[in-house]
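# Close look at the chain arrangement
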Amino acid sequence: MPSRSEIIEALRAVIDPELRRDIVSLGMVRSVEIAPDGRVSVVVALTTPGCPIRAQFERSVRQVVSGIEGVASVDVAFDVLSPEEKQRLQQQLGRPQGLPDGALAQVANVICVASGKGGVGKSTLTANLAAALFAEGHRAAALDADVWGYSIPRMLGVHGRPRVSAQRKIVPLVAHGGIRVISIEFFLSERDQAITWRGPMLHKALRQFLEDVEWGELDYLLIDLPPGTGDVSMTLAQLLPQARFLIVTTPQPAAQSVAKRAAELARRYGLEIAGVVENMSAFVAPDGSRHAIFGSGGGEALAEELAAPLLASVPLQPELRACADQGKPLVLVDPDAPASQAIRHAARGLVAEMPPAPPSLASPARGAGISGTPLPMAH
């Protein structure tokens, strides 16, 4: 009969290709059971349910355990690391720890809006989704984490400098009567100033946006990520273990394949994919006819590949861009426009998948600060 210590020692040969350490030292071996007839059952805890290298783990475990004398067969099952186990793993790997206890405690859902590349309308969708959620009666906020290409203030029509509360917290500005907004623009000496920060400064600024901002009670905090999978996206994935990613793509296959990388980054850090939104799905002409300028099917194919819902296909409508330039989300200006209807459909899909928090008796009025006093409206 093989011993448990023999099996554990053999499992040290199974290396996580992303973390570059064996699954035993990483604490991913959940259990080992040995039956009298030589059957061995191993349970491996993954960082995420949709781990893309799950099959590789299964093959490696079977191979190394089967080579032990006395092993008749090997059964491999999988579990998922708990949030506490993930945090210990991050500490073990020397990665930035998550936010302190209590930070974002009143925020029910955090949604990171990501794309593989720029120019797909990610920021426009973030602003309109926040507005759509607010219009549906939910407490919503937008965090502009696209530090180099910040545009959420322009698209939501809010500019100025936040005040500091009595608790020494940064109070967000408010757009359109209740959408709370924070952006790097609010802290610059002049609008449209170029940002030349690198890793450490970016990490510090993003942590402050999450930890030192008085977000209050929120149903949804939407975070507009920069395109790609750089420092900002990785930092936020580490700081927000409970966040979900919303992937934005366009119909063309090239955009679809690039958008997949943003999803892979999320899953590498154990974050779930809330869904996919296909933007610029077709041009809507004045006569109502639709023209697939950028092709078709990319969003549906990506959603199928990621095993995530396709929340909406947003048509290419000039008014969506024009309203964003004016700081007035189309979903508020013209709720019946085709693009508005698609975005509102996506917002309802998010609500169905990620229910809002139940309102507390201490909840401030919409558009008010934590103390109940109106937040400063900037123009």
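Computed from a prediction, not measured in an experiment: that's the story for all the values here.

On to unusual backbone geometry, then. Even without being a glycine, histidine 176 presents a positive backbone phi close to 55 degrees. Although it is not a glycine, methionine 280 sits at a positive phi angle of roughly 55 degrees. Note that methionine 280 resides in strand β12 (residues 272–284).

For the rest of this paragraph, the subject is the UniProt feature "binding site: ATP" (unreviewed entry) in the protein. The feature "binding site: ATP" (unreviewed entry), as annotated in UniProt, sits at Gly116, Lys117, Gly118, Gly119, Val120, Gly121, Lys122 and Ser123 in this numbering. Tracing the sequence through the fold places glycine 119 in the loop between β6 (107–114) and α4 (122–135). Within the element layout of this structure, glycine 121 appears in the loop between β6 and α4. You can call glycine 121 buried: its relative accessible area is 18%. For glycine 121, the residues in contact, after removing those within four places along its chain, are Asn279 and Met280.

With that out of the way, let us pick up the nonpolar core. Among the nonpolar cores identified, the biggest contains 45 residues, and Leu156 and Val314 are the most heavily contacted of them. When residues of this core are assigned to their parent elements, the largest contribution, eight residues, is made by α4. When neighbours within four sequence positions are excluded, valine 314 is seen to be in contact with Leu125, Val277, Glu278, Asn279, Met280, Ser281, Leu320, Ala339, Ala342 and Ile343. In this structure, Ala114, Val147, Ile170 and Ala259 belong to the second largest nonpolar core, which totals 43 residues.

What follows concerns the confidence of the model for the protein. Caution is warranted with low-pLDDT regions, since their predicted coordinates should not be read in detail. Confidence in the prediction of the protein, expressed as mean pLDDT, is 82, and 85% of residues score 70 or more. Here residues 361–379 scores under 50 on pLDDT; set against residues more than four positions off or in separate chains, the count is 38 contacts.

Take the sheet that holds strand β4 (residues 39–46) next. Taken in spatial order, the three strands line up as β3-β4-β5 in an open sheet, and their pairing is mixed. Either end of the sheet is taken by a strand with one partner, and the two such strands are β3 (29–34) and β5 (73–80). Taken pair by pair, the neighbouring strands of this sheet meet at an average axis angle of 15 degrees, ignoring direction. Pairing analysis gives five bridges linking β3 to β4, with the strands arranged antiparallel. Its bridge partner being in β4, valine 29 is matched across the sheet by valine 44. Together, β3 and β4 form the strand contacts of helix α1 (residues 4–11), whose direction differs from that of β3 by roughly 140 degrees.

Helix packing for two helices is described by the angle between their axes and how far apart those axes are. Packing of helix α8 (residues 253–268) against helix α9 (residues 298–306) leaves a shortest axis separation of 10 Å and a crossing angle of 30 degrees. As judged from the angle between their axes, α8 and α9 are roughly parallel. The way α8 lies across α9 gives a crossing that is right-handed. Residues Gln256, Ala259, Lys260, Ala263 and Arg267 of α8 lie in contact with α9, whose contacting residues are Gly298, Ala301, Leu302, Glu305 and Leu306. Residue composition of the contact of α8 with α9, grouped by class: five nonpolar, two polar and three charged.

It is worth spelling out the packing of α4 against helix α12 (residues 338–353) at this point. Close contact between α4 and α12 brings their axes to 9 Å; oriented N to C, the two are set at 65 degrees. As far as their axial angle goes, α12 and α4 are roughly perpendicular. Handedness of the α4/α12 crossing: right-handed. Residues Leu125, Asn128, Leu129, Ala132 and Leu133 of α4 pack against Ile343, Arg344, Ala346, Ala347, Leu350 and Val351 of α12. When its residues are assigned to classes, the contact of α4 with α12 shows nine nonpolar, one polar and one charged.

Structurally, the α-helix is built with 3.6 residues per turn, so residues lying three or four positions apart point the same way. For α12, with 16 residues, the first-to-last C-alpha span of 23 Å sits near the 22 Å given by 1.5 Å per residue. Taken together, the buried positions of α12 are Ala339, Ser340, Ala342, Ile343, Arg344, Ala346, Ala347, Leu350 and Val351.

All right, on to the pattern of salt bridges then. Scanning the entire structure with this criterion turns up 15 salt bridges. In this structure, glutamate 85 and arginine 30 form a salt bridge, with 2.6 Å as the shortest nitrogen-oxygen distance. With a gap of 55 residues between them, glutamate 85 in helix α3 (residues 83–93) and arginine 30 in strand β3 connect regions that are remote in the sequence. One salt bridge connects glutamate 58 with arginine 62, and the closest N-O pair in it is separated by 3.1 Å. In this pair, glutamate 58 and arginine 62 are both assigned in helix α2 (residues 54–66), four residues apart and thus about one turn of the helix distant. Arginine 62 gets classed as partly exposed once you look at its relative accessible area, which sits at 32%. Connected via shared salt-bridge partners are Arg30, Asp79 and Glu85.

Conventions adopted
Residues numbered from 1 in each chain as written. Predicted model: local features only at pLDDT ≥ 70, side-chain atom pairs only at ≥ 80, totals over all residues. Heavy atoms only, no water. Helix = DSSP H or I, 4+ residues; strand = E, 2+ residues; numbered from the N terminus. UniProt positions renumbered as here; feature names shortened; annotations may be inferred. Buried < 20%, exposed > 50% of the residue type's maximum accessible area, 1.4 Å probe, protein only. Contact = heavy atoms within 4.5 Å. Core = buried A, V, L, I, M, F, W, Y, C linked by side-chain atoms within 4.5 Å. pLDDT = per-residue confidence, 0-100. Pairing = 2+ DSSP bridges. Axes fitted to C-alpha atoms, helices over the stretch in contact; angles between N-to-C directions. Parallel < 35°, antiparallel > 145°, perpendicular 65-115°, else oblique. Left-handed = near helix turned anticlockwise from the far one by under 90°. Nonpolar A, V, L, I, M, F, W, Y, C, P; charged D, E, K, R; others polar. Expected span 1.5 Å × (residues − 1). Salt bridge = Lys/Arg side-chain N within 4 Å of Asp/Glu carboxyl O.

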